[in-house]
Amino acid sequence: MNEATTRRSVFAALLVLLPAALLLATAAGSVPLPLRSVLGSLGSAVGIGSAGASPLGSSGETILWSVRLPRVLLAVLVGGGLAVVGAALQSVFRNPMADAGLLGVGSGAALGAVLAANLGWTAQVFLALPLMAFAGALAAVGAVYVLAHASGRPTLHGLLLTGLAVAALASAGTSVVLAATEEFRVRTVLFWLAGGLEGRSWTHLRLAAAFILTGTALLLLLSRPLDLLSLGEEEAAALGLPVHRARLTILALASLIAGAATAVAGSVPFVGLVAPHALRPLVGPLGRRLLPAAFLGGALLVVVADLGSRTFSDRVDLPLGALTAFVGAPYFLLALRATEGRP
Amino acid sequence: MNAAEPLVEAREICVKRGRSEVLHDVSLSLHAGEAVALVGPNAAGKSTLVRSLAGLLPTTRGRVLVRGRPLREWERGALARAVALVTSEEEAPATLTVEDRVALGRYPHSGPFRPFTAEDRAAVAQALRQTSIERLARRALGTLSAGERQLATLARGLAQEPQALLLDEPSAHLDVGHQLRLFQVLDEVRAHGVAVLAVIHDLQRAAAWAGRMVLVAGGRVAAEGTPHAVLAGEAAARAFEVAIRGHAVPGLAHPLYSFDEA
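A brief report on the enclosed structure follows. The model shown is predicted, which means the values in this text are computed figures rather than measured ones. (Residues numbered from 1 in each chain as written. Chains lettered and ligands numbered in written order. Predicted model: local features only at pLDDT ≥ 70, side-chain atom pairs only at ≥ 80, totals over all residues.)

1. As for helix 9 (residues 202-221) of chain A
Note that an α-helix has 3.6 residues per turn; residues three or four places apart therefore point the same way. Residue and element names in this part refer to chain A. Taking 1.5 Å of rise per residue, the 20 residues of helix 9 would be expected to cover 28 Å, and the 28 Å separating its terminal C-alpha atoms lies within 8% of that figure. Along helix 9, the sharpest kink reaches roughly 30°, centred on alanine 209. Listed as buried for helix 9 are His204, Leu207, Ala208, Phe211, Ile212, Gly215, Thr216 and Leu219. Buried residues along helix 9 sit in contact with helix 3 (57-93), helix 6 (128-148), helix 12 (243-265) and helix 14 (287-311). (Helix = DSSP H or I, 4+ residues; strand = E, 2+ residues; numbered from the N terminus. Expected span 1.5 Å × (residues − 1). Bend = angle between axes of the 7 residues up to and from the residue. Buried ≥ 20, exposed ≤ 12 C-beta atoms within 10 Å, placed from the backbone. Contact = placed C-beta atoms within 7 Å.)

2. Digging into the sheet that holds strand 10 (residues 220-225) of chain B
Residues and elements named next belong to chain B. Strand order in the open sheet made by the six strands is 6-7-8-3-9-10, with mixed pairing throughout. Edge positions in the sheet fall to strand 6 (83-86) and strand 10, since each of these pairs with one other strand and no more. If you compare each strand with its neighbour and ignore which way they point, the axes differ by 15° on average. Relative to strand 8 (residues 195-199), strand 7 (residues 164-168) runs parallel, the two sharing five bridges. The partner of alanine 164 across the bridge, within strand 8, is alanine 195. Of the strands in this sheet, strand 3 (35-39), strand 6, strand 7, strand 8 and strand 9 (212-217) touch helix 1 (residues 46-53), which is tilted by about 155° from strand 7. (Pairing = 2+ DSSP bridges. Axes fitted to C-alpha atoms, helices over the stretch in contact; angles between N-to-C directions.)

3. Let's talk about the sheet that holds strand 2 (residues 20-30) of chain B
Residues and elements named next belong to chain B. The sheet built from four strands is open, its strands ordered 2-1-4-5 with antiparallel pairing. Only two strands of the sheet have a single neighbouring strand rather than two, namely strand 2 and strand 5 (69-70). Packing against the sheet, helix 1 makes contact with strand 1 (8-17), strand 2 and strand 4 (61-66), and its axis sits at approximately 120° to strand 1.

4. A closer look at the interface of chain B and chain A
Opposite the 23 residues of chain B that make contact, chain A presents 26 residues. Elements supplying a minimum of two residues to the side of chain B that touches chain A: helix 2 (76-82) and helix 4 (107-110) of chain B. Take the side of chain B that touches chain A: its biggest share by element is four residues, from helix 2 of chain B. Here the residues of the side of chain B that touches chain A are counted per class, giving 13 nonpolar, five polar and five charged. (Nonpolar A, V, L, I, M, F, W, Y, C, P; charged D, E, K, R; others polar.)

5. A few points about the environment of B:Glu5
Within the secondary structure, B:Glu5 is located in the segment before strand 1. When the C-alpha positions of B:Glu5 and B:Asp25 are compared, they lie 21 Å apart, and in sequence the two are 20 residues distant.

6. Considering the pairing of strand 10 of chain B
The two faces of a sheet get side chains in turn, since along a regular strand they alternate between them. All names here are of chain B. Both strand 9 and strand 10 contribute to a ladder of five bridges, which runs antiparallel. The residue of strand 10 that forms the bridge with leucine 215 is alanine 223. In textbook terms, the turn of a hairpin is the stretch between consecutive antiparallel strands, and for strand 9 and strand 10 this stretch comprises two residues, one of which, glycine 218, has a positive phi near 55°.

Written out as C-alpha cells, the structure reads:
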C-alpha cells in the first residue's frame, strides 16, 4: 500500500468513525435513547424526515438537545483543538513531547479558575469559571512572551524555559489560592481541574467554538510556514521564512485554542500528544494533512473518552481528564520506547 | 546584470557569534558558473562565512552584496530565490518523505499560500532526477542512510532554482560513490550558470573539483587562488599545521597530495 492510499484510508476511517462515535455518544448514557429515535429527532431538526410527534418524547428531547448534543459537540471541539495544538507545537518545537503545557496554558487556566472560585464568582456569575480560566491561560502565555522578550528575541530554548518557569509560578499561585479558599468552593473547581464536560451548555459550546474553530482554520492556513519551522530555524530562514514572526503567530493561535479548550473542559491531558503521534506516521508530518487528521483523531478520542467517563460506572466518578491520562500515558510510554524521539 | 559583477560578494565583513568575533575583514566574491572550494582548519570560520553570505548572520562591519545590492535591501523570498544554502544539519522530521522535503524548497517561489503549479512540480522532479534519488521520492527521511538524506537536502536546494548555491560540508556523510555523484551534480548546475561555493574538508576532493580555492584560517582569508597554488603555499601548511606535498601522477589530471606532520 503506498502512502497516498494509506492517507486516504486514514481520513476515510476517521470520517466514518467520528460521526458513528458521535451518534453513539448522543444515544448512550444514564438514560439510553433509542438510536433510531435520536436519528429521527436530529433528522427532523434539519428538515429530513417527518416533522410529526417526536419519537423520543419531551424528556428524551430535552436530554438530547440540552444535555447530550452540546456535550458531545464540545468533546469534538476540545479534542480536535487540543490535538491540533499538539501537532502545531510539536512542529514548532521539533519535539514529539511538546504540548500547550509548555506555554503555561494549563497552569494559567488553573490559577484563573481557582481565583474565580476563591472570590465566590463561580456561584454568582454565569460562565465565571471558564472565562477566568481563559483569562488566566492568556495571562500566563502573555507573561511568557514578555519575560522571554525581556532580553531581545528569545531562542526556542529561551521560550521553553520561560514557559516552564511561568507554569511553575502559576501552579504555586494555584496552591496558595486553593489553600485560602473555603472548602465548599474548592469542590467546584476541583471537578473542573480534573477535566470533564459534565453539564456544559450551548453557551460553553459557542464560547469554545469561536476560538477553537477560528484558531484551527488560521493554523491550517499557516501550514506551510509550520512545515518550514519543523526543518529547523536555520533552514526555515534560508528559505525566506520570517522565523520569529511565524513562530510567534503560531504560538499565539495555539494558545488561544488551548486556552479556550481548557477553559471549558479543564485539564484533558495527553490528547495533544497521542493523536498527532499516532497519526504522523500514517499521514506524514506536513501541516496540511496532519492538522486536519489530528483534529478528527483528537475529536474521536475525547468523544469516546467522555462516553467512557460517564458510562464507566454508576458509583464511581471517573473524570475525563483522568481517563485520557490513564489511556494516554501508557500508550505514550510504549510508543516512545518503540521509536526514537524524533517527530 | 553586468557579466563581470559578482553574484555574491563579501566586502571586508566582520561577523560575531555570541560575543566573540569569528570573521575579521573577510572579502570574497563568487561569480556565475564558478566552482569555489572553501577550505580551512576546524573553527576557522568557514560555516560562519557561508551563513553570512546567505544572509543568516548579521555583519558587524562591512557588507554582503548579492547581485550588487546589499543584503538588507533584499526581500527574504527574493533572496532565497537567488541564494540557496545547503548544510549537513539533520533536523527535518523523520516521517517527512523525500519528495515533500524537496518540495519545501519551492517556498521562496510559492510563499505561504499560492498553490503548487506545474512549474513547481517540474522543479521538484528535476531536482530529484539530478541528484538520482527519484526512486527514494516516497520514502520517509528516517528510513534513509545519512548519505541519502544529504542528497535529499541538496535536492531541496536545487528545487529553489537559485543563482548561487552555498554548501556547508555537502559530502560529510557520503561514501566515495555518492561523493562523486554529488560533485557531478554541482558541475551540472554550474554549467547552467549557477555559482557554487562549497565548504569541503577533503582537500584532495576540493582540489580536484574547484576552479578556485579560498583558505580561511583564524577568521581571515589566508590564501586564495587555484587549488594547487593555495595547497602548495606556505599559508595552507601553517593553517593545517602539516606539510602538504603534491605529486604528479601520470594519467591523472590532478596531482595527488600527501600530508605529513610538519
